[in-house]
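# Summary of the model geometry
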Amino acid sequence: MADYFAMDRAQLEAEHARLMGEYDSYKAQGLKLDMSRGKPCPEQLDLSKEMLHMDNYIGEDGVDARNYGLLAGMPEARRFFADLLGVSPEEVIVCGNSSLAMMYYLIDLGWRAGFVDSIRPWRFFNSIKFLCPTPGYDRHFRVTEYFGFQMLSVPMREDGPDMDMVEQLVREDETIKGIWCVPVYSNPDGYVYSSETVARLARMRTAAPDFKIIWDDAYCVHHLTDEQIEIPNILEACKRAGNPQRPLLFCSTSKITYPGAGVAAVAASDINIRHITSNMVPMIISYDKMNQLRHVQFLKNRQGVLEHMKKHRAILEPKFNLVKQTFAEQLSSCGKIARWTDPKGGYFISLYLQEGCAKRTVQLCKEAGVVLTGAGAAFPYGIDPKDNHLRIAPTYPQLDELRTASQLLCICVRLATVEKLLAE
């Protein structure tokens, strides 16, 4: 393979014909492969099946987890998540299976009733805005879009969002009410916020007194290397900076045990926790404490989680390595037609193509039997202004399926690039 940018038109046409031959051979196989979401594979789910046989539902203080009560969660579950998030148990609410549901609820709380530091509920502003580091998590963006926020894109860098831009925006506009953050192994780039980024988020001056950092620590224990990355605690940083009400922290066991039957938690200052729980009283008496207790009994503590996640790594690391190796073998020699991230943890790889090639690549893959996350999904409103980003999810397919899908993806990337060069 040669550098596509060094080819003349005749060479590009010959390359297109050759690639179409390879593409048609894959298409004839009738493939049905799905790389569209970052889901644990069945082998990962089987790692937690022992938990389903646990049947002791009496908590450490004699509370029967099968009954009503304890809206903020079982004491041992609050302690468990406090350990994961680096906060005190009194600063934790243990909820149902979905951290996304809690993020939705707290955005709704700010919109409907406001927070302890709100002058008035967000719905009474003529316009409201939210900062969205991009590329980012599509379901985050969907929440703020649903509530009518104008979403402002902020470029993601390897050390976190562009803080010069963030600081300028929030300093001048009281209608900017928050920022979405996935601080460790970000979705989809796999980047990690630097200590300086954490400090700047904590201490920056905001026009809105009730500005909120939505700190989605979804991948804090999802390591793919021996290096177990940790970053400064955002709640402690905000307390030191005099902004203790600013952060709302989230994590869950969705990709530790079972995505559909895990346990989620939210952490915040004690004043925020009291405000949140008082507003939850009309909605629910208690969450699934039986499931909370099962998880604590099975995982035990932070060290138990880390040992469990080594089993996940043994399944996932070969998949990530296979995809990156295929990209290197199939794309590197074609010139600068693509680049990709090399995450040390998390669930995704970002693949960056030539501008205008992402949608066409997804279309080609779909027609040949491989479903990818839609182009633009990692951007507010589903619009990638450069049409050059794809979120790659290696976790769910089996290795042989992943090898086929990755090879076909590379053919589609090259086809889309050649078509663009010919059109120019």
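Everything below is about the structure shown above.
A brief structural summary. In this text, all values refer to a predicted model and were calculated from it rather than measured experimentally. (Residues numbered from 1 in each chain as written. Predicted model: local features only at pLDDT ≥ 70, side-chain atom pairs only at ≥ 80, totals over all residues. Heavy atoms only, no water.)

With that out of the way, let us pick up helix α6 (residues 163-172). Among the residues of α6, Met 163, Val 166, Glu 167 and Val 170 are the ones counted as buried. Down the axis of α6, the buried side of the element spans an arc of 95°, and every buried residue falls inside it. Residues of α6 that are exposed and point more than 90 degrees away from the buried face comprise Asp 164 and Glu 172. Taken together, the buried residues of α6 touch β3 (129-134), β4 (150-157), β5 (160-161), β6 (176-181) and α7 (195-203). At the N-terminal boundary of α6, the capping side chain belongs to Asp 162, with an oxygen 3.2 Å from the backbone nitrogen of Asp 164. (Buried < 20%, exposed > 50% of the residue type's maximum accessible area, 1.4 Å probe, protein only. Helix = DSSP H or I, 4+ residues; strand = E, 2+ residues; numbered from the N terminus. Arc of directions from axis to C-beta. Contact = heavy atoms within 4.5 Å. Polar contact = N/O pair within 3.5 Å; in protein donor to acceptor, adjacent residues only side chain to side chain.)

Moving on, we get to the sheet that holds strand β13 (residues 389-392). Strand order across the open sheet formed by three strands is β10-β11-β13, with antiparallel pairing between neighbours. In the strand order of this sheet, the two ends are held by β10 (338-340) and β13, each with one partner. In this sheet, adjacent strand axes meet at a mean angle of 20° when their direction is disregarded. The pairing of β10 with strand β11 (residues 349-353) spans three bridges and is antiparallel. (Pairing = 2+ DSSP bridges. Axes fitted to C-alpha atoms, helices over the stretch in contact; angles between N-to-C directions.)

What follows deals with the pattern of salt bridges. Across all of its chains, the model carries 27 salt bridges by this definition. Among the salt bridges present, the one from Lys 239 reaches Glu 91, with a minimum N-O distance of 2.6 Å. Linking Lys 239 in helix α8 (residues 234-240) with Glu 91 in the loop between α3 (75-85) and β2 (92-94), this pair joins segments that are 148 residues apart in sequence. For the salt bridge of Glu 167 with Arg 200, the shortest nitrogen-to-oxygen distance reads 2.7 Å. (Salt bridge = Lys/Arg side-chain N within 4 Å of Asp/Glu carboxyl O.)

With that out of the way, let us pick up the state of the cysteines. Scanning all chains against the criterion turns up zero disulfides. Cys 251 supplies the cysteine sulfur nearest to Cys 95, a cysteine that is in no disulfide, at a spacing of 10.0 Å. Taking relative accessible area as the criterion, Cys 95 reaches 2% and is therefore assigned buried. Unpaired in this structure, Cys 334 has its nearest cysteine sulfur neighbour in Cys 410, at a distance of 8.8 Å. Judged by its relative accessible area of 0%, Cys 334 is buried. (Disulfide = S-S within 2.5 Å.)

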